[in-house]
Amino acid sequence: MPVRDNVEIGLNRFARRGYDLDEVSIVPSRRTRDHDDVSTAWQIDAFRFEIPLITSPSDAVVSPATAIAVGQAGGLGVLNAEGLWARYEDPTEVYRQLRDAAGTDSGPPTALLQQVYGEPVKPDLIAARIKEMGAAGVTTAVRVSPQHTVALAPTVLAAGVDLLVIQGTIVSAEHVTTAGDALNLKEFIADLDVPVIVGGAADYQTALHLMRTGAAGVIVGVGADSWSTADAVMGIRVPLASAIADAAAARRDYLDETGGRYVHVIANGRIETSGAIARALACGADAVQLGEPLRVAEEAPAGGVWWDSVAAHPRLPRGGTSAPVEPRGSLADVLNGSAEAADGRTNLFGALRRTMAKTGYRDLKEFQRVDLVLGGNGGSAVGPGHLVG
């Protein structure tokens, strides 16, 4: 288990030191290479992707059509099986209401979000969406919450989904409840014929426990972006660079423990620029989960408005909403096209290839060994693939 310095915050009370992605920088090596000689491909189970992208299951950026477009661009689009597309036959009018309610300074009000998400989930719509995505020839994936996994999984699996994502703000392998039976992830995953991605995990021990359930991938981080209110509402904030490094250490230990079973680490939370993507992968992630950065794509179903999937929680909303932004190109342009502004918001994975080329790494596995340096905490040099503190 990784050991980091404990800082005394008061008499006999200590806190671990952690680092966010913006405190970590990538150090070029003695070697460079041509960017055309770099591969950003990764593979989870039998499924290969040309870019290390999994979408957030937010309805603001993912519809069946968007998920298809992401797949065609080389990533994995994840549709929310408890979202608008599973509640409404045609949510076009709902999107219009949400856009119209968004002001110039903020997005749609929480009360309206709660209202439109009050419509019941319809299993037949979930099945129809999965079949629509599958018919386009892309890898299909849907997200279900841990609370509704048992109820919705039969529909999802019968529809022929390729990958199942079980995702909440925090997911554990040891959920305790007094209200009925808890989901036993290990038993549930063992009975499935499709690979499962689970998360989020916030530390080494949770990541290791989730790996031991048989998951093919573990989402690390609590998904908090610039619009999230999880810190204000619940006091939960995870310094993502440290969380990724912890999970990567758990992955390495689990690989030794099992004699070679590799579980992918997927970073999620305030990854909003191409530079943040590169730093997350350099810290040890195999892929990143993006939501808010994709709202600038022309295909984003909410028309540039953003809300996190937990923003409409009926009792404890904790995701902020944003005013609409102007589109900056097609989804393919945002992910892989030319950038017209120097803000790291477009050509997200083209920039990653440039970073890998300028540091001399040929593929993502090699890139995880790049040297890192800490900026705002003393500038301490860090060895290959490791964080200090």
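In this text the structure is predicted, and so the values were computed from the model without any measurement.

A look at the packing of aromatic side chains
Under the counting rule described, the total for this entry stands at four aromatic pairs. Ring plane angle 45 degrees and centroid distance 6.1 Å describe the contact between W85 and Y95, whose orientation is recorded as tilted. You can see W85 sitting in the loop between β7 (78-80) and α2 (92-101) and its partner Y95 sitting in helix α2, a full 10 residues away along the chain. Owing to a relative accessible area of 15%, W85 belongs among the buried residues under this scheme. Relative to F367, the ring of Y361 lies with its centre 6.1 Å away and its plane at 70 degrees, an arrangement referred to as edge-to-face. Three or more aromatic residues link up through ring pairs in this structure, and these residues are W85, Y95 and W307.

Let's talk about the pairing of strand β2 (residues 13-16)
Where strand β1 (residues 6-10) and β2 come together, four bridges link them in antiparallel fashion. Residue pairing across strands places N6 opposite R16, the latter belonging to β2.

A look at the pattern of salt bridges
All chains considered together, the criterion is met by 14 salt bridges. D246 is the partner of R16 in a salt bridge, and the nearest nitrogen-oxygen pair spans 3.5 Å. With R16 in strand β2 and D246 in helix α9 (residues 240-258), this pair connects stretches of sequence that are 230 residues apart. Overall, R16 belongs to the partly exposed group, its relative accessible area being 43%. With a relative accessible area of 3%, D246 lands in the buried category. Between R251 and D286 there is a salt bridge, with its nearest N and O atoms 2.7 Å apart.

Quick notes on the rules
Residues numbered from 1 in each chain as written. Predicted model: local features only at pLDDT ≥ 70, side-chain atom pairs only at ≥ 80, totals over all residues. Heavy atoms only, no water. Phe/Tyr/Trp six-rings, centres within 6.5 Å; stacked < 30°, edge-to-face > 60°. Helix = DSSP H or I, 4+ residues; strand = E, 2+ residues; numbered from the N terminus. Buried < 20%, exposed > 50% of the residue type's maximum accessible area, 1.4 Å probe, protein only. Pairing = 2+ DSSP bridges. Salt bridge = Lys/Arg side-chain N within 4 Å of Asp/Glu carboxyl O.

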